[in-house]
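# Examination of the molecular architecture
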Protein chains: 4
Amino acid sequence: MSSSSSSQKLKVGLLGATGTVGQRFILQLADHPQFELAALGASSSSAGKPYVQAVQGRWKQIRRVPSNVAQMPVYECKPEHFAECQVVFSGLDSGPAGPVEDAFRKAELRVFSNAKNYRTDPLCPLVVPLVNPEHMEILPYQRQQVGTKTGFIVTNANCSTTGIVVPLKALEAKFGPLDKILVNTMQAISGAGYPGVSSLDILDNVVPFISGEEEKIEWETAKILGGIKSDKTAFDYHEQDALKVSAQCNRVPVIDGHMECVSVSFKNRPAPSVEEVKKCFEEFVTEAQTIGVHSAPAQAITLHEEQDRPQPRLDRDWQNGAGVNVGRVRECPVFDIKFVVLSNNVMIGAATSSVMNAEIALAKGYLS
Amino acid sequence: MSSSSSSQKLKVGLLGATGTVGQRFILQLADHPQFELAALGASSSSAGKPYVQAVQGRWKQIRRVPSNVAQMPVYECKPEHFAECQVVFSGLDSGPAGPVEDAFRKAELRVFSNAKNYRTDPLCPLVVPLVNPEHMEILPYQRQQVGTKTGFIVTNANCSTTGIVVPLKALEAKFGPLDKILVNTMQAISGAGYPGVSSLDILDNVVPFISGEEEKIEWETAKILGGIKSDKTAFDYHEQDALKVSAQCNRVPVIDGHMECVSVSFKNRPAPSVEEVKKCFEEFVTEAQTIGVHSAPAQAITLHEEQDRPQPRLDRDWQNGAGVNVGRVRECPVFDIKFVVLSNNVMIGAATSSVMNAEIALAKGYLS
Amino acid sequence: MSSSSSSQKLKVGLLGATGTVGQRFILQLADHPQFELAALGASSSSAGKPYVQAVQGRWKQIRRVPSNVAQMPVYECKPEHFAECQVVFSGLDSGPAGPVEDAFRKAELRVFSNAKNYRTDPLCPLVVPLVNPEHMEILPYQRQQVGTKTGFIVTNANCSTTGIVVPLKALEAKFGPLDKILVNTMQAISGAGYPGVSSLDILDNVVPFISGEEEKIEWETAKILGGIKSDKTAFDYHEQDALKVSAQCNRVPVIDGHMECVSVSFKNRPAPSVEEVKKCFEEFVTEAQTIGVHSAPAQAITLHEEQDRPQPRLDRDWQNGAGVNVGRVRECPVFDIKFVVLSNNVMIGAATSSVMNAEIALAKGYLS
Amino acid sequence: MSSSSSSQKLKVGLLGATGTVGQRFILQLADHPQFELAALGASSSSAGKPYVQAVQGRWKQIRRVPSNVAQMPVYECKPEHFAECQVVFSGLDSGPAGPVEDAFRKAELRVFSNAKNYRTDPLCPLVVPLVNPEHMEILPYQRQQVGTKTGFIVTNANCSTTGIVVPLKALEAKFGPLDKILVNTMQAISGAGYPGVSSLDILDNVVPFISGEEEKIEWETAKILGGIKSDKTAFDYHEQDALKVSAQCNRVPVIDGHMECVSVSFKNRPAPSVEEVKKCFEEFVTEAQTIGVHSAPAQAITLHEEQDRPQPRLDRDWQNGAGVNVGRVRECPVFDIKFVVLSNNVMIGAATSSVMNAEIALAKGYLS
């Protein structure tokens, strides 16, 4: 598939390799044309074991452990074990992620993290690859401030934020700033990791609460949709000051795929028509697609015209979960437009975002 | 439980007795202290059979067919078979409901219907018993216009409307008119009847569409929360003209119990605080409770303070499903207040509403 | 319901009060006519809190915490806190159950335990109340051997064993010894406690393994169906020596209610006919019913004639889950007869068995 | 993928193209290296429409309608519309399948059918491709008896039979005839087609009955495991006369993948050990693999050593569902050996079997 021999690939490491997100990274990276998975890190209880043994009883993927990963040794998450890597991906839980990711950055590794710890850091870009890769322009300033030559941290967004900011970005790019956003989520159980949600809590049930999730959507959306200042030293929330976001988050008995019902109003009048919005979604092209990075989907937004689509079970794996699905675009009697979004929370909502961010960083020269 | 001997009870009939809603009516009416189930109607394929045989293979209730109903004969839905009844309840599908219910009204029966056909009729009250029983004051005028002496039709609301109008009514009664309402529903499969939703459509899935449901919520809410004109000949939608309601409806893999996420803004400023809203919900008392009708719940609105409640599986049967559950009352960054509502779609959302409406009508003298 | 004033009731304690089984004990005992719940025990992390607070976030019952229990203090599981009790029920996990239950026995309390620890003890009766209450006749000898005056331990069976031994006992009582038994179980998630089974493991899935379950069924069945020696000092497995039992156990996405498919062959020829077996099930009366203990079901075995019943969701709560449901009785092309059994694993399969055992012990004089 | 240009492929038709099984055929045949899908048949209500329109609202596959099929016209199931085809696959329901398939045979088409109608026909082979392709040797005699030159009917087995006969065949091939077989199934909802199983029947539930299923397993197993007489004019059930099979069939809330718990005893003593049985499964190679047909799995039986595998959700798509999964091989206290089998009911259990049968027939010269 790629002409690059393994020796030409960039050596990458993976932190939190045995967890739910870590397993998705493994599947993304096992046969990546540009990255070679060279070192695995996990908790001390896993350290010293071959990967397939460390993950035994916890591997919950439909694909098997890739044969070229199965016998790789698992290390503790210390930079000394990742000396030959230039990049590390982090699927760590937020508990250990803070100090560990910082240690790897200080050891001059480029960290692409799925954890929440540095998302709010004013020096760290919070990048949804289909939305705001230009936020990486702050990386030289981040290095300068933390005193590294090559090391930095790039984060990607929470899975439920990721789904909605793609169509919201498309709307803003075409029709100008949004004014108000209401979003209600119906989120899959895989978002909570493993063992995560008890079956007694979710069979024949809906849980109308996910700790911290609503705050993340409301806050992250503003940072992601905001710009970066012209001197590339800070993100620009001012433009978004007036953007109001309200989220209600629910857990539903679905394995993968977050559904979100969105209502939006626009600042500019008249607001676009339903047909204009549909066209905007279909025509939305992102930089990740333009520069042709490996994991970018053919279509950033797949527009569904059937009245009962998208649906998690039928649409979450479309384009390997790398794009988002939008459907039921219609007028909102209270706001301007309403629609539903489906995104694959374990793909574009997690590992795929981190990997695509690294692919973009590579294409734009941030990894040299 | 009741001192009234069976001979003192009001004889009632049931149309659509074998369907999902009809089965709930059976359970409500089998040992009702004021009503005696005297005649059952269903489609011609069931006519002539004892009830337990007509419903065989379709009885999907946890309680068994009540012994005093099991051997009752099932008739076609023609008034001649209901001659000894003064009241009929209708669990008919919307297909046959229109002409059948009208025929029973013309035959001087009081019809309490769960079907949608007459909800939009300007002469027919659309009554959620915990919200707007005063709409029955139009009944004398309805009789006059359709030329009956005693016959009339009272409808109750769609299951997803019923859940939200109870807390919305409480808010309007205390804080004045609402301005805007956004609601997102996560609705149980039992709302679609039997066989209803295919398991292939809903296992590990969410379907973001329920035919006609969003329109019903948006329209019915305005009629129910509106008043009745002082001359009792029409409903007053004027007051509600400015009330904007937007709904997004979803089917989720839950057996019973509709969850709804609601955001509201008030006309009057300043808007009430979270604490004032909670107090308002807890203190809300309805006429059905004041006059003490049999099926009225002890508490119209049960306020949950736990951050992850209400939940369908744990809370839908509280008070036999006759009240509604509200939780997660909090500020909305876009509107004023947001909260979640859980109502039992097959109880207060269907049969219980019809029965409670009849109980109220009896208490207020409309059945004499 | 009972004329006994609270002062006349026997004071009982509950160990493991906050767990899944403990919660079911609470609901059984809160308004029991003969037992008064006087002391609650749980782990040290719960000790010192009122019950409702100790169980917060873990109470997963549809009924609320009973008002007369909510404010009861929770103690550590030490006999000194249960001084006024004559009986304790144990819903402890098998980890702590061994030494704790023994300590309570030595403190002269009668222990009725749902834990597995003493089931295999040759001095401890393993009693399914609808099957072998006569095994309690060993209790005087147990006391003598362990040196207590009143203290003893009675265990009840594993939930999946309990379901099948009721119809098997009925068959042996009527048609003589069984020869071979094959059983395949489809067990509910509640059998694994809370949080128990991860939703990622069981949604859209079956897990063909439950640790230790098959061995329990195979071993417990032999003890329960075996007799007690005439000198009341040991159980008689000899009679059952030839009884061969083979079990395959599976976890399915069902909340409550274990389904079991059973095939049996009889020692005596000719084997009974399908009609004789059905009649045997329907006519089966147990000592618990004869002596009229409070929790005994009206019918020990409910025979279903519909070809697709029993079903967990529709039949598990019949008779408050105190009996068992049998259906699809038919000839087996390999053995003699096959049928399915449904039992409520959290009722007759757990707390209800313990409570009914204590009621029987009370009726037969073992508690005085 | 294949060097054969489309003009070199064998033209095939598909009957019942819009149903659940038909959709799987579409996905198997859309890019098949040897077969070219040339004509589609369905009911008269679909006739005249392009496929994508005929199947609208009923296409429940995760993959989209293949682009080269979407615009193909749908015909009524009459041979005149399939004149250019040499082979037809049938995903018809048993209602129309009988006369329709016979009409196609008489029109000299080779029919590979998933319907049950001709499975019991003494002239029609009932072939599980991984088990008994040699049964096709009866085809010349079938043609002779029905008076065709090329036309014939080959059936494949019921989905729940297919899963178990693969390991049973492996055992008989290695250890000689089996004596007794008990099987309990836990079957996926997709086995019932669409809309099929009502969600109200299966959410939080198990249904212990599938109409006709137990009889099919008991009967089909004997035909498939039996041989063909030396003169190739009849199947030989004699050898299997003593083979006793007993099945209990259950529907569980799983989307795809039938789990089956099997206990077997052997005629020859001593019976093989657990290790010998495991080795036998792993080493089992079928003729479909030896002659290298396109859809044959690399491994006919995948042996799982983890104690809780196989599981439907994790293992049903292994090898594109073309093999079967066996796990938990262990001694049976009543019979000799017990184990669990998982097979993908919509792949090897349906369309894949038909297609693989045609591939085998092609390789063996039955299609020339």
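Thresholds, definitions, all that
- Residues numbered from 1 in each chain as written.
- Chains lettered and ligands numbered in written order.
- Predicted model: local features only at pLDDT ≥ 70, side-chain atom pairs only at ≥ 80, totals over all residues.
- Heavy atoms only, no water.
- Least-squares fit on C-alpha atoms with pLDDT ≥ 70 in both.
- Contact = heavy atoms within 4.5 Å.
- Salt bridge = Lys/Arg side-chain N within 4 Å of Asp/Glu carboxyl O.
- Helix = DSSP H or I, 4+ residues; strand = E, 2+ residues; numbered from the N terminus.
- Buried < 20%, exposed > 50% of the residue type's maximum accessible area, 1.4 Å probe, protein only.
- Pairing = 2+ DSSP bridges.
- Right-handed = clockwise from strand over helix to strand, strands pointing away.
- Phe/Tyr/Trp six-rings, centres within 6.5 Å; stacked < 30°, edge-to-face > 60°.
- Axes fitted to C-alpha atoms, helices over the stretch in contact; angles between N-to-C directions.
- UniProt positions renumbered as here; feature names shortened; annotations may be inferred.
- pLDDT = per-residue confidence, 0-100.
- Buried area = accessible area lost by both parts, 1.4 Å probe.
- Polar contact = N/O pair within 3.5 Å; in protein donor to acceptor, adjacent residues only side chain to side chain.
- Nonpolar A, V, L, I, M, F, W, Y, C, P; charged D, E, K, R; others polar.
- Left-handed = near helix turned anticlockwise from the far one by under 90°.
- Parallel < 35°, antiparallel > 145°, perpendicular 65-115°, else oblique.

## Remarks on the relation of the copies chain B and chain A
The operation relating chain B to chain A is a screw motion whose rotation component is 180°, with 0.0 Å of axial translation and a residual RMSD of 0.0 Å. Read as a symmetry element, the transformation amounts to a two-fold axis. The share of interface residues of chain B whose copies in chain A are also at the interface is 100%, consistent with both copies meeting through the same surface.

## With respect to the pattern of salt bridges
On inspection of all chains with the given rule, the structure shows 72 salt bridges over all chains. For Lys60 of chain A, the salt bridge goes to Asp201 of chain C, with nearest N and O atoms at 2.7 Å. Of this pair, Lys60 of chain A sits in the loop between α2 (51-54) and α3 (67-70) while Asp201 of chain C sits in helix α7 (residues 199-202), on two different chains. The two residues Lys60 of chain A and Asp201 of chain C agree in class, both being buried. Glu214 of chain D is the salt-bridge partner of Arg328 of chain C, the closest N and O atoms lying 2.7 Å from each other. Within this pair, whereas Arg328 of chain C is found in strand β13 (residues 324-331), its partner Glu214 of chain D is found in helix α8 (residues 213-225), the two belonging to separate chains. On the basis of relative accessible area, Glu214 of chain D is assigned to the buried category, the value being 6%. Shared partners join several salt bridges into a network, and the residues in it are Arg64 of chain A together with Arg309 and Asp315 of chain D.

## Quick notes on the pairing of strand β5 (residues 110-113) of chain D
Residues and elements named next belong to chain D. The alternating pattern of β5 places Arg110 and Phe112 on one face and Val111 and Ser113 on the opposite face, and all of these are buried. Summarising the sheet, strand β4 (residues 87-90) and β5 pair through 4 bridges and their orientation is parallel. Within β5, the position partnered with Val87 by the bridge is Arg110. Handedness of the β4-helix α4 (residues 94-106)-β5 crossover: right-handed. Where β5 lies against strand β6 (residues 152-155), 4 bridges are found, and the strand directions are parallel. Paired with Phe112 across the bridge in β6 is Val154.

## Points about the packing of aromatic side chains
In this structure the tally under the stated criterion is 34 aromatic pairs over all chains. Both rings, one in Phe25 of chain A and one in Phe89 of chain A, keep their centres 5.6 Å apart while their planes meet at 35°; by these two values the pair is tilted. Of the two residues, Phe25 of chain A is situated in helix α1 (residues 20-29) and Phe89 of chain A in strand β4 (residues 87-90); the sequence distance between them amounts to 64 residues. Phe25 of chain A sits in the buried class, given a relative accessible area of 0%. When the centroid spacing of 5.8 Å and the interplanar angle of 85° are considered together, the rings of Phe112 of chain D and Phe152 of chain D count as edge-to-face. Within this pair, whereas Phe112 of chain D is found in strand β5, its partner Phe152 of chain D is found in strand β6, the two being separated by 40 residues in sequence.

## Considering the sheet that holds strand β12 (residues 301-304) of chain D
All names here are of chain D. If you trace the 6 strands from one edge of the open sheet to the other, you get β10-β7-β11-β14-β13-β12, paired in mixed fashion. The sheet terminates laterally at β10 (244-251) and β12, the two strands that pair on one side only. For this sheet, the mean angle separating the axes of adjacent strands, direction not counted, is 20°. For strand β11 (residues 258-266) and strand β14 (residues 337-343), the ladder comprises 7 bridges, and the chain directions are antiparallel. Bridge pairing links Met259 to Leu342 in β14.

## Things to note about the sheet that holds strand β14 (residues 337-343) of chain B
Paired through backbone hydrogen bonds, the strands of a sheet run either parallel or antiparallel to each other. Residues and elements named next belong to chain B. Across the sheet, 6 strands lie side by side as β10-β7-β11-β14-β13-β12; this open sheet has mixed pairing. Sheet topology places β10 (244-251) and β12 (301-304) at the edges, where each strand pairs with a single neighbour. Taking the axes of each pair of neighbouring strands and ignoring which way they run, one obtains an average angle of 20° across the sheet.

## Things to note about the UniProt feature "active site" (unreviewed entry) in chain A
All names here are of chain A. Taking the numbering used here, the UniProt-annotated feature "active site" (unreviewed entry) corresponds to Cys159 and His258. Spatially, the listed residues are clustered: although they cover 100 residues, their C-alpha atoms lie within 8.0 Å of one another. By the element assignment, Cys159 lies in helix α6 (residues 159-175). A relative accessible area of 11% means that Cys159 is categorised as buried. Leaving out residues up to four positions away in the same chain, Cys159 has contacts with Glu213, His258, Ser343, Asn345 and Gly349. Here His258 shows up in strand β11 (residues 258-266). Judged by relative accessible area, which is 0%, His258 ranks as buried. Residues in contact with His258, not counting those within four places in the same chain, are Cys159, Ser160, Met186, Gln187, Ala188, Val341, Leu342, Ser343 and Asn345.

## Considerations on the confidence of the model for chain A
When pLDDT is averaged along chain A, the result is 95; 97% of the residues meet or exceed 70. Interface predicted TM-score (ipTM) for the complex: 0.95; the corresponding pTM is 0.96.

## Describing the interface of chain C and chain A
With 17 residues of chain C at the contact, the number on the chain A side is 17 residues. Of the roughly 1,400 Å² buried where chain C meets chain A, counting both sides, 69% is carbon and sulfur surface. On the chain C side of the interface with chain A, the three residues burying the most area are Ser199, Leu200 and Leu203 of chain C, jointly 41% of the side's total. Our count for the contact surface shared by chain C and chain A stands at 2 salt bridges. Our count for the contact surface shared by chain C and chain A stands at 8 residue pairs in polar contact (both at pLDDT 80 or more). Here the residues of the side of chain C that touches chain A are counted per class, giving 10 nonpolar, 4 polar and 3 charged.

## Remarks on the relation of the copies chain C and chain A
Once chain C is rotated about the relating axis by 180° and shifted along it by 0.0 Å, it coincides with chain A to within an RMSD of 0.0 Å. Taken together, the interface assignments show that 100% of the residues at the interface of chain C recur at the interface of chain A, consistent with an identical surface on both copies.

## Looking at the pairing of β4 of chain D
Residue and element names in this part refer to chain D. Side chains Val87 and Phe89 of β4 all project onto a buried face; the interleaved residues Val88 and Ser90 project onto the opposite face, where all are buried too. When strand β1 (residues 10-15) meets β4, the two strands line up parallel, connected through 4 bridges. Looking at β4, one finds that Leu14 is bridged to Phe89.

## With respect to the packing of α6 of chain A against helix α8 (residues 213-225) of chain A
All names here are of chain A. Following both chains from N to C, one finds α6 and α8 inclined at 35°, their axes separated by 10 Å at the closest point. Seen from above, α6 lies across α8 with right-handed handedness. Within the contact between the two elements, α6 uses Cys159, Ser160, Thr161, Ile164, Val165, Leu168, Lys169 and Glu172 and α8 uses Glu213, Lys216, Ile217, Glu220, Thr221, Ile224 and Leu225. Broken down by class, the residue content of the contact of α6 with α8 amounts to 7 nonpolar, 3 polar and 5 charged.

## Concerning the interface of chain B and chain A
In this assembly, 49 residues from chain B lie in contact with 49 residues from chain A. Summing both partners gives a buried area of about 3,800 Å² for chain B against chain A, and 55% of it is carried by carbon and sulfur. Three residues, Asp204, Gln248 and Val334 of chain B, lead the burial of chain B against chain A; their summed loss comes to 17% of the area buried on that side. Where chain B touches chain A, the interface holds 26 residue pairs in polar contact (both at pLDDT 80 or more). If you list the elements that add at least two residues to the side of chain B that touches chain A, you get β7 (178-187), α7 (199-202), α8 (213-225), β10, β11 (258-266), α11 (312-315), β13 (324-331) and β14 of chain B. Among the elements that make up the side of chain B that touches chain A, the one with the highest residue count is β10 of chain B (7 residues). Residue composition of the side of chain B that touches chain A, grouped by class: 27 nonpolar, 8 polar and 14 charged.

## Observations regarding the UniProt feature "domain: Semialdehyde dehydrogenase NAD-binding" (unreviewed entry) in chain A
The UniProt record marks residues 11-139 of chain A with the feature "domain: Semialdehyde dehydrogenase NAD-binding" (unreviewed entry), using the residue numbering of this structure. Span residues 11-139 of chain A is 25% helix and 19% strand, its end C-alpha atoms 20 Å apart.

## Some remarks on the environment of Thr185 of chain C
All names here are of chain C. Summarising the element assignment, Thr185 is placed in strand β7 (residues 178-187). Here Thr185 falls in the buried class, since its relative accessible area comes to 0%. Considering only alpha carbons, one finds Thr185 and Val252, 67 residues apart in sequence, at a separation of 9.3 Å. Look past the residues within four positions of Thr185 in its chain and what remains in contact with it is Ser160, Ile217, Gln248, Cys249, Asn250, Met259 and Glu260.

## What about the packing of α6 of chain A against helix α9 (residues 274-283) of chain A?
Residue and element names in this part refer to chain A. Across the interface, α6 lies against α9 with an axial gap of 9 Å and an inter-helix angle of 110°. Compared by their axis directions, α6 and α9 come out roughly perpendicular. Pair α6 / α9 crosses with right-handed handedness. Between α6, through Pro167, Ala170, Leu171, Lys174 and Phe175, and α9, the contact on the second element is made entirely by Glu276, Val277, Cys280, Phe281 and Glu283. Of the residues in the contact of α6 with α9, the class split is 7 nonpolar, no polar and 3 charged.

## Quick look at the side chain of Ser113 of chain B
Residue position: Ser113 of chain B is located in strand β5 (residues 110-113). When near neighbours in sequence (up to four residues on either side) are disregarded, Ser113 of chain B contacts Ser90, Glu101, Val154, Thr155, Asn156 and Ser354 of chain B.

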